Amino acid sequence: QVQLVESGGGLVEAGGSLRLSCAASGRTFNRYVMGWFRQAPGKEREFVAAISRGGGNTNYADSVKGRFTISRDNGKNTVNLEMNRLKPEDTAVYYCAADPTTFIPSKMENNYDYWGQGTQVTVSS
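On a predicted model such as this, the values are computed, not experimentally measured, just so you know.

(A) Spatial organisation of the overall build of the chain. The secondary structure content of the chain amounts to zero helices and eleven strands. If you list the helices and strands of the chain from N to C, you get β-β-β-β-β-β-β-β-β-β-β. A compact globule built from 125 residues should have a C-alpha radius of gyration of about 14 Å, and the chain, at 13 Å, falls within 12% of that. If you line up the chain on its principal axes, its C-alpha atoms span 40 × 25 × 25 Å. Expressed as a percentage of the 125 residues in the chain, the buried residues total 45%. Taking the intrachain contacts of the chain between residues at least 6 apart in sequence as the baseline, contacts between residues at least 24 apart amount to 59%. For the chain, the centre of its 14 positive side-chain charges and the centre of its 12 negative side-chain charges are spaced 6 Å apart.

Shown next as structure tokens:
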């Protein structure tokens, strides 16, 4: 089992940048595909980005491709989400998640067994 704690959320103006981090407990972090999801008010949770166990493969939602970058440091048990050119529609609670079973960075929420508590990102227009 792994515990996940997100940080780095906040309020930013449109066009600005934020960096989210997710710290994982345990010594088997490199056995998990890691993902970021988000949930805006009144909407269902949606996929944002994911990264393979070794970090060599990534996957992004079309809405963030070219603006967001996911990365991981297996030595520090962290996964990061660098968010640039933020838009008001990026406003949401962002969740870090861990997938212990697959090897590809999946968009499928059901693949992820472990979730953090979330961190709020608010982008003002």
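After presenting the structure, the write-up continues.
(B) Here's a closer look at the nonpolar core. Formed by 36 residues in total, the largest nonpolar core has its most connected members in M34, W36, V79, L81, M83 and Y94. If you list the elements that add at least two residues to this core, you get β3 (18-24), β4 (33-39), β5 (46-51), β7 (68-73), β8 (78-83), β9 (92-99) and β11 (119-124). With residues near it in sequence (within four places) discarded, M83 still touches G16, S17, L18, L20, R67, F68, Y94 and V121.

(C) Spotlight on unusual backbone geometry. Positive phi outside glycine occurs at N77, with the angle close to 55 degrees. Inspection of the secondary structure assignment puts N77 in the loop between β7 and β8.

(D) Quick peek at the packing of aromatic side chains. A full pass over the atoms with the stated rule returns five aromatic pairs. Ring geometry for F37 and F47: centres 5.6 Å apart, planes at 75 degrees, overall edge-to-face. Separated by ten residues along the polypeptide, F37 in strand β4 and F47 in strand β5 bring together distant segments of the chain. On the basis of relative accessibility, which here comes to 10%, the residue F47 falls in the buried class. Members of the aromatic cluster, each reached through a chain of ring pairs, are F37, F47, Y112 and W115. One cation-aromatic arrangement involves R53 over F103; the distance from NZ or CZ to the ring centre is 4.0 Å. The residue whose ring lies beneath R72 is F29, and the NZ or CZ to ring-centre distance is 4.5 Å.

(E) The side chain of T119, seen in detail. Relative to the helices and strands, T119 resides in strand β11. Of note is the side chain of T119, whose polar atom sits 3.2 Å from the backbone nitrogen of G9. When residues no more than four places from it in sequence are discounted, the contact partners of T119 are E6, S7, G8, G9, L20, A92, V93 and Y94.

Definitions and cut-offs
Residues numbered from 1 in each chain as written. Predicted model: local features only at pLDDT ≥ 70, side-chain atom pairs only at ≥ 80, totals over all residues. Heavy atoms only, no water. Helix = DSSP H or I, 4+ residues; strand = E, 2+ residues; numbered from the N terminus. Rg over C-alpha atoms; globule rule 2.2 N^0.38 Å. Buried < 20%, exposed > 50% of the residue type's maximum accessible area, 1.4 Å probe, protein only. Contact = heavy atoms within 4.5 Å. Lys, Arg positive; Asp, Glu negative; His and termini not counted. Charge placed at Lys NZ, Arg CZ, Asp CG, Glu CD. Core = buried A, V, L, I, M, F, W, Y, C linked by side-chain atoms within 4.5 Å. Phe/Tyr/Trp six-rings, centres within 6.5 Å; stacked < 30°, edge-to-face > 60°. Lys NZ or Arg CZ within 6 Å of the ring centre and 35° of its normal. Polar contact = N/O pair within 3.5 Å; in protein donor to acceptor, adjacent residues only side chain to side chain.

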